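Report on the structure
Each chain, letter by letter, is given below.
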Amino acid sequence: MLSVVQTDIIVYGNDLADYVRHEFTGRASSAPARTTVGFWAYFVSGGPGIDVTAPTPYAPYADTPREAVECLRMLAVERLVGRRPSPEQLIEAGLGALLLDVEAESLPLLAGLARHEHERAEELFERVLGELDLVGTLPPDDSDVPWEAARWELVRWWLRLIVNGSLAPGAGGDLVTYEGWHALGRPSALRPLVDATDASYDWAAAREGTRERLVAAIVAECERLLAGPWPPPRG
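Below, the structure is looked at part by part. Only a predicted model underlies this, so the values are computations on that prediction, with no experimental measurement involved.

Along the polypeptide, Arg79 turns up in helix 3 (residues 65-80). Excluding its chain neighbours within four sequence positions, the residues that come into contact with Arg79 are Arg84, Pro85, Glu122, Phe125, Glu126 and Leu129.

Quick look at the pattern of salt bridges now. Oppositely charged side chains can pair when the atoms bearing their charge come close. Scanning all chains against the criterion turns up eleven salt bridges. The residue Glu78 makes a salt bridge to Arg83 at a minimum N-O spacing of 2.9 Å. Here Arg151 ties to Glu179 by a salt bridge, and the two come within 3.1 Å at their closest N and O atoms. Highlighted residues: Arg151 in helix 7 (residues 148-163) and Glu179 in helix 8 (residues 169-181), separated in sequence by 28 residues.

Turning our attention to helix 4 (residues 87-99). Its 13 residues place the ends of helix 4 18 Å apart at the C-alpha level, agreeing with the 18 Å of an ideal helix rising 1.5 Å per residue. Among all positions of helix 4, only Gln89, Leu90, Ile91, Ala93, Gly94 and Ala97 are buried. Looking at the buried positions of helix 4, the neighbouring elements they touch are helix 3, helix 5 (107-111) and helix 6 (121-131).

Once that is clear, we can look at the packing of aromatic side chains. Two measures describe an aromatic ring pair: the distance that separates the ring centres and the angle between the ring planes. Per the counting criterion, the structure on display carries three aromatic pairs. For the ring pair Tyr58 and Trp157, a centre distance of 5.3 Å and an interplane angle of 65 degrees mean the geometry is edge-to-face. In this pair, Tyr58 sits in the loop between helix 2 (38-44) and helix 3 while Trp157 sits in helix 7, placing the two residues 99 residues apart along the sequence. Residue classification places Tyr58 among the buried positions, given a relative accessible area of 11%. The exposure class of Trp157 is buried, given its relative accessible area of 2%. With a centroid separation of 5.6 Å and an interplanar angle of 90 degrees, the aromatic rings of Trp152 and Trp230 are classed as edge-to-face. Residue Trp152 is located in helix 7, and its partner Trp230 is located in the segment after helix 11 (211-227); the two are separated by 78 residues in the primary sequence. The buried category is assigned to Trp152, whose relative accessible area is 5%. Clustering of aromatic rings is evident, with ring pairs tying together Tyr58, Tyr61 and Trp157.

Now for the side chain of Ser166. Considering the arrangement of structural elements, one finds Ser166 in the loop between helix 7 and helix 8. What Ser166 contacts, discounting residues up to four positions off in sequence, is Pro57, Tyr58, Ala59, Pro60, Tyr61 and Leu161.

We now examine the nonpolar core. One finds Leu72, Leu110, Phe125, Trp157 and Trp158 to be the most contacted residues of the largest nonpolar core, which totals 49 residues. Secondary-structure elements contributing two or more residues to this core are helix 3, helix 4, helix 5, helix 6, helix 7, helix 8, helix 9 (191-200) and helix 11. Looking at this core, the element that brings in the most residues is helix 7, giving nine residues. With residues near it in sequence (within four places) discarded, Leu110 still touches Leu90, Ile91, Gly94, Ala121, Leu124, Phe125 and Val128.

About the thresholds
- Residues numbered from 1 in each chain as written.
- Predicted model: local features only at pLDDT ≥ 70, side-chain atom pairs only at ≥ 80, totals over all residues.
- Heavy atoms only, no water.
- Helix = DSSP H or I, 4+ residues; strand = E, 2+ residues; numbered from the N terminus.
- Contact = heavy atoms within 4.5 Å.
- Salt bridge = Lys/Arg side-chain N within 4 Å of Asp/Glu carboxyl O.
- Expected span 1.5 Å × (residues − 1).
- Buried < 20%, exposed > 50% of the residue type's maximum accessible area, 1.4 Å probe, protein only.
- Phe/Tyr/Trp six-rings, centres within 6.5 Å; stacked < 30°, edge-to-face > 60°.
- Core = buried A, V, L, I, M, F, W, Y, C linked by side-chain atoms within 4.5 Å.

Written out as structure tokens, the structure is:
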């Protein structure tokens, strides 16, 4: 069973009963849901059409206090360029930090917000940033390209999320393309990743069973970029 809202397509259950259980109780089957029709699998796995202006669709990845603080900071960096994280993401990042023993007075308040209290997430997130002394670490907007330093930080974060499996390669490649490559004046260093992302959306390749190889090429290009100097040379 799929949930399709405009271009947002996700697996919502293994069958009709699983869908009803998920929709009305919030609990899905313990069996992993997956698509069995190639056409829909193509889109669910990160095909064209994701909303690149929506919050970064990453899975929680923090295993250490340092990574948990990094996640909070990167959500703040994302916000600088006009990409506002959802209340759910702010709360989830706060909960992850709390469970990893990050110390901030407002962190339990952010992590414990109920659904009807989501309007407080932004305010409490701001307080957490201040208590962790993260505000002063955010990149300034002091170049000819709007928020250039922030965008390079976001690109590097997205590359890392792709490599560690927290962000689907196609979705991550789209974010780098539209929020990084285009906005940064199309630096040539990012062009191979942009091309690899475009190639992975070849429906004919998906039918031939070669899309896995094309998706792997995105990950390999991310690894190559991360291994080099940062930001990468423009030439």
